[in-house]
Amino acid sequence: MATVKDKLIQEVNPGAPTVARSKVTIVGVGQVGMACAISILQANIADDVTLIDVMEDKLKGEVMDLQHGSLFLKTTITAAKDYSDTANSKLCIITAGVRQKEGESRLNLVQRNVEVFKHIIPNLAKYSPDAILLVVSNPVDILTYVAWKLSGFPSHRVIGSGTNLDSARFRFLIGEKLKINSTSVHGYIIGEHGDSSVPVWSGTNVAGVSLQSLNPNLDTGKDPEEWKNIHKQVVESAYEVIKLKGYTSWAIGLSVSSLAQSILKNLRIVHPVSYLIKGMHGIKEDVFLSLPCVLGSAGVCGVLKQPLKESETTCLKKSSETLWAVQKELKL
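Presented here is a report on the structure given in the accompanying data block. Note that residues are indexed from 1 along each chain, following the sequence as it is written. Owing to the predicted nature of the model, reporting of local features is limited to residues with pLDDT of at least 70; listing and counting of side-chain atom pairs is limited to 80 or more, with chain, interface and lining totals taken over all residues. Processing note: side-chain calculations cover all non-hydrogen atoms of the structure and skip hydrogens and water entirely.

So, the overall build of the chain
The condition is simple: Only DSSP runs of H or I covering at least 4 residues are called helices, and only runs of E covering at least 2 are called strands; the numbering of each starts at the N terminus. When we talk radius of gyration, it's over C-alpha atoms, and the globule rule is simply 2.2 Å times the number of residues to the 0.38. Each residue is placed in one exposure class: buried if its accessible area under a 1.4 Å probe, protein chains only, is under 20% of its type's maximum, exposed if it is over 50%, and partly exposed if it falls in between. Residues are treated as being in contact if the distance between any of their heavy atoms lies within 4.5 Å. The protein chains shown are the only cover counted for residues, whose accessible areas, like all others here, come from Shrake-Rupley with a 1.4 Å probe. A residue counts as positive if it is Lys or Arg and as negative if it is Asp or Glu; His and the chain ends are not included. All charge positions are set by atom: Lys at NZ, Arg at CZ, Asp at CG, Glu at CD.
Scanning the chain from N- to C-terminus turns up ten helices and 14 strands. Against the 2.2 N^0.38 benchmark of 20 Å for 332 residues, the chain shows a C-alpha radius of gyration of 21 Å, consistent with a compact globule. Projected onto the principal axes, the alpha-carbon positions of the chain cover approximately 85 × 45 × 40 Å. Residue burial in the chain is summarised as follows: out of 332 residues, 50% are buried. Within the chain, contacts between residues separated by at least 24 positions form 70% of all contacts whose residues are at least 6 apart in sequence. For the chain, the accessible area works out to roughly 16300 Å², and carbon and sulfur atoms hold 53% of it. Within the chain, the 32 negative side-chain charges are centred at a point lying 3 Å from the centre of the 36 positive side-chain charges.

Right, here's the structure in full:
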């Protein structure tokens, strides 16, 4: 008996099954995972977005909710039953982990999340051996190191979201102070995504005009305009958002989407992301910290040889030492 489909469509050539050319897997359907998902879907940069989580009902509900909006999107949305459904991903985004509590530093999260990663990373590597891993879970720099070790991938294919968002906050706050759009402000936060991050005031500029050339004291306590407080606001902003709404989500989702776009579309845009920086700026340990990196289809295509003041290099090394003190104690 003919089906409705048979009566409706005269089949000519069904063709081969479609294989997604830019498949993205997102591990974790919490607030951050879903913010990443909707940001990537709205940007229309992936052929397929597959979500996976140990909470089966939440996963099913979130995917169903997104699928009901498929009319307004151009991307296939799938709930993975197990890691085999994530196979052939171009980009795997890891947001899963225990949530940061109010007042808790990112470093305090580390050992609890390492145990979570021991289940996730080997499975992603098994089914998508050529993928790029993008770690978002906190503490992101240490967990990017953990992902690198557990995956066996070359370091250029293991990236942490790092200070991409910190730098966006930095530029936003400077723009607010100057009353100009943040896209016209150029500056980077490097080092740890967290309390020991380093603002590169020496390179911060608007249209090529160095702010430090206008105010040599802007990174010191001698500055009456208190520009130094902007970095303090950057460091404290995540804690403030968590205090007010319980978690951060939208800004990190948009940040991750920008990284995904640079990778999937091979845009070779410079982003401050967490990468293995051993041998750079005098750092001798296997640590992942953020420096401005060129991102493309291979992952990290290059790292900028960013000139730093002696004080900035010193702070970067301290950031490295802070992470290494925790890393060397990890049980992998």
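Comments concerning the pattern of salt bridges
Note the cut-off: Take a side-chain nitrogen of Lys or Arg and a carboxyl oxygen of Asp or Glu: if they are within 4 Å of each other, that pair is a salt bridge.
In total, this model carries four salt bridges according to the counting rule given. The partner of E115 in a salt bridge is K118, and the shortest N-O contact between them spans 3.5 Å. Residue E115 and its partner K118 are both found in helix α4 (residues 110-127); the two are separated by three residues, about one turn of the helix. For E115, a relative accessible area of 43% translates into the label partly exposed. Between D219 and K309 there is a salt bridge, with its nearest N and O atoms 2.9 Å apart. With D219 in the loop between α7 (211-214) and α8 (228-245) and K309 in the loop between β14 (299-303) and α10 (310-327), this residue pair connects regions lying 90 residues apart in the sequence.

Re the state of the cysteines
Note the threshold: Disulfides are defined as cysteine sulfur pairs within 2.5 Å.
Inspection of the entire model under this criterion finds zero disulfides. With no disulfide of its own, C315 lies 20 Å from the sulfur of C293, the closest cysteine sulfur. According to the relative accessible area criterion, C315 is partly exposed, its value standing at 38%.

Digging into the packing of aromatic side chains
Let me state the cut-off plainly: The rule is short: rings of Phe, Tyr and Trp, with Trp giving its six-membered ring, pair when the centres are within 6.5 Å, and they are stacked under 30 degrees, edge-to-face over 60, tilted in between.
The tally for this structure, following the rule as stated, stands at four aromatic pairs. Taken together, a centroid distance of 6.1 Å and an interplanar angle of 55° make the contact between Y145 and W148 tilted. Of the two residues, Y145 and W148 are both situated in helix α5 (residues 140-151); the distance of three residues between them amounts to about one turn of the helix. Given a relative accessible area of 16%, W148 falls into the buried group.

Considering helix α9 (residues 250-264)
Working note: α-helix, 3.6 residues per turn, so residues spaced by three or four point in the same direction. Defined as follows: Multiplying 1.5 Å by the helix residue count minus one yields the expected span of that helix.
The end-to-end C-alpha distance of α9 is 21 Å, a good match for the 21 Å that 15 residues give at a rise of 1.5 Å each. Every buried residue of α9 is listed here: I252, G253, S255, V256, S257, L259, A260, S262, I263 and L264. Just downstream of α9, N266 is the residue with a positive phi angle, here 50°.

Here we look at the side chain of D219
Here is the rule we go by: Two N or O atoms count as a polar contact when they lie within 3.5 Å, although within protein this holds only if one can serve as hydrogen donor and the other as acceptor, and sequence-adjacent residues are included solely when both atoms are side-chain atoms.
For D219, a relative accessible area of 19% gives the class buried. Separated by 3.1 Å, the side chains of D219 and Q212 make a polar contact. Here K309 takes part through its side chain, which lies 2.9 Å from a polar atom of the side chain of D219. Sequence-distant contacts of D219, that is, excluding residues within four places in its chain, are made with W201, Q212, K228 and K309.

Side note on the nonpolar core
So the rule is basically this: Take the buried Ala, Val, Leu, Ile, Met, Phe, Trp, Tyr and Cys residues and link them wherever side-chain atoms come within 4.5 Å; each set so joined is a nonpolar core.
One finds V27, I94, F117, I120, L124, L133 and V146 to be the most contacted residues of the largest nonpolar core, which totals 40 residues. Elements represented by at least two residues in this core include exactly β4 (91-94), α4, β5 (132-135), α5, β13 (288-296) and α10. Here L124 is in contact with T25, V27, Y83, T86, C92, I94 and L133, once residues within four sequence places are set aside. Grouped together as the second largest cluster of nonpolar side chains are 35 residues, A37, L51, V136 and L259 included.

A closer look at the layout of surface pockets
Worth spelling out the cut-off: Using protein atoms alone on a 1 Å grid, points that fit a 1.4 Å probe yet trap it form a cavity, whereas open point sets bounded by protein on both sides within 12 Å along at least five of seven lines form a pocket; residues with an atom within 4 Å of a point count as lining. Grid points are joined across faces, edges and corners, and a volume is the space filled by probe spheres set on the points. Polarity classes work like this: nonpolar for Ala, Val, Leu, Ile, Met, Phe, Trp, Tyr, Cys and Pro, charged for Asp, Glu, Lys and Arg, and polar for all others, with Gly in that last group.
Empty space within the largest pocket amounts to approximately 960 Å³. Broken down by secondary-structure element, the contributors of at least two residues to the lining of the largest pocket are α2 (31-43), α3 (56-67), α4, α6 (164-178) and α8. In terms of residue count, α4 provides more of the lining of the largest pocket than any other element does, four residues in total. Its residues assigned to classes, the lining of the largest pocket shows 21 nonpolar, 15 polar and eight charged. If you add up the space inside the second largest pocket, you get close to 340 Å³. Around the second largest pocket, the lining comprises 16 residues; the ones closest to its centre are N164, S167, A168, R171 and S258.

Some remarks on the pairing of strand β3 (residues 76-79)
Inclusion rule: Here, strands pair whenever DSSP counts at least two bridges between them. Looking down the strands as they point away from the viewer, one classifies a crossover as right-handed if the path from the first strand across the helix to the second runs clockwise.
Pairing of strand β2 (residues 48-52) with β3, which is carried by four bridges, proceeds in the parallel orientation. Residue pairing for β3: T50 is matched across the bridge by T78. Since β2 and β3 lie parallel, the crossover through α3 that links them has a hand, and here it is right-handed.

Describing the pairing of β14
Of the strand pairs in this sheet, β13 and β14 are connected by four bridges, and their pairing is antiparallel. Residue pairing in the sheet places C293 in a bridge with V303 of β14. In sequence, β13 turns back onto β14 through a hairpin of two residues.

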